[in-house]
Amino acid sequence: MGWVMDETLRLYPSIPNLQRQAREDIRVDGALISKGTKMWIDVAMHHDQALWGNIVNEFRPERFKDDLYGGCKHKMGYLPFGFGGRICVGKSLTTMEYKIVLTLIPTRYSSGVRTKINGHLRNINNEEALGPEKASSPIM
Ligand code: HEM
């Protein structure tokens, strides 16, 4: 369930960029960034093939299995909630709400199969097909 959220926020991040301003002169990979410089960190890097490989545009939640960074080649390449001291304060709340809502949605629907019995088409719902105990097991 967590992987699906991570992958959804990778492909469809809620924000286009993060902003920072240098508080002092800093050097990054030999380049000087002067005090006061405003920086936009482009979240389009979630779609950068150089960081994610050639399946970058495919919906593959399993890329987050055993890897917080989803297999991204750079630790800062996946930033749906930002980073550092200004990281989103709602991150944990959002994750919890998402899991609750996603768990509740299937409880509002029923599903079944259509099959031929004695030459007649019949709908069989989950309870008939699986028995009431199995049909009502929570999906987590
Ligand atoms: C899917 C849901 C959400 C996403 C993707 C998201 C994403 C973000 C991002 C990218 C930032 C900027 C972080 C940075 O600059 O490093 C941010 C900041 C923030 N978010 Fe969220 N957010 C979400 C939900 C929420 C919720 C539910 C709340 C409040 C209950 C919240 C409260 C905040 C606040 C207060 C900040 C500013 C933090 C600061 O500047 O110190 N967010 N969020």
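Thresholds, definitions, all that
- Residues numbered from 1 in each chain as written.
- Predicted model: local features only at pLDDT ≥ 70, side-chain atom pairs only at ≥ 80, totals over all residues.
- UniProt positions renumbered as here; feature names shortened; annotations may be inferred.
- Helix = DSSP H or I, 4+ residues; strand = E, 2+ residues; numbered from the N terminus.
- Buried ≥ 20, exposed ≤ 12 C-beta atoms within 10 Å, placed from the backbone.
- Contact = placed C-beta atoms within 7 Å.
- pLDDT = per-residue confidence, 0-100.
- Core = buried A, V, L, I, M, F, W, Y, C linked by C-beta atoms within 7 Å.
- Near = placed C-beta within 6 Å.
- Nonpolar A, V, L, I, M, F, W, Y, C, P; charged D, E, K, R; others polar.
- Expected span 1.5 Å × (residues − 1).

If you check an unreviewed UniProt entry, the protein appears there as Cytochrome P450 from Escallonia herrerae. Checking UniProt for the protein, the heading Subcellular location (unreviewed entry) contains the comment "Membrane".

(A) Spotlight on the overall build of the protein. For the protein, the count of helices and strands is five helices and six strands. For the protein, the α and β elements follow one another from N to C terminus as α-β-β-β-β-α-α-β-β-α-α. Per-residue burial over the protein gives 6% buried out of 140 residues. When contacts within the protein are restricted to residue pairs at least 6 apart in sequence, long-range pairs at least 24 apart make up 42% of them.

(B) Just the environment of F59, in detail. Assignment of secondary structure puts F59 in the loop between helix 2 (49–52) and helix 3 (91–104). Its 12 C-beta neighbours within 10 Å are what place F59 among the exposed residues. As for F59 and E7, which are separated by 52 residues in sequence, their C-alpha atoms are 6.7 Å apart. If we skip the residues at most four places from it in the chain, F59 touches E7 and L11.

(C) Quick look at the confidence of the model for the protein. With 89% of its residues at a pLDDT of at least 70, the protein reaches an overall mean of 89. When mean pLDDT is compared element by element in the protein, strand 1 (residues 17–21) scores highest at 97, while helix 5 (residues 132–135) scores lowest at 52. In this model residues 135–140 is a low-confidence stretch, pLDDT under 50, and it forms seven contacts with partners more than four residues away in sequence or in other chains.

(D) Layout of the nonpolar core. Core analysis: the biggest nonpolar cluster contains five residues, these being V43, W52, C72, Y78 and L79. Residues in contact with L79, not counting those within four places in the same chain, are L18 and V43.

(E) Geometry of the site of the ligand. Taken together, the neighbourhood of the ligand is formed by 15 residues, with S14, G82, R86, C88 and G90 sitting nearest. Residue composition of the shell around the ligand, grouped by class: ten nonpolar, four polar and one charged.

(F) Focus on unusual backbone geometry. Notably, D29 is not glycine yet its phi reads approximately 50°, a positive angle. Tracing the chain through its elements places D29 in the loop between strand 2 (26–28) and strand 3 (31–33). Despite not being glycine, D66 shows a phi value in the positive range, around 60°. By secondary structure assignment, the location of D66 is in the loop between helix 2 and helix 3.

(G) How the structure looks around the environment of D66. D66 sits in the exposed class, given 7 other C-beta atoms within 10 Å. Spatially, the C-alpha atom of D66 lies 9.9 Å from that of W3, the residues being 63 residues apart in sequence.

(H) The arrangement of helix 3 in detail. For helix 3, spanning 14 residues, the distance from its first C-alpha to its last is 20 Å, which sits close to the expected 20 Å at 1.5 Å a residue. Within helix 3, only zero of the 14 residues are buried, which leaves it mostly out in the open.

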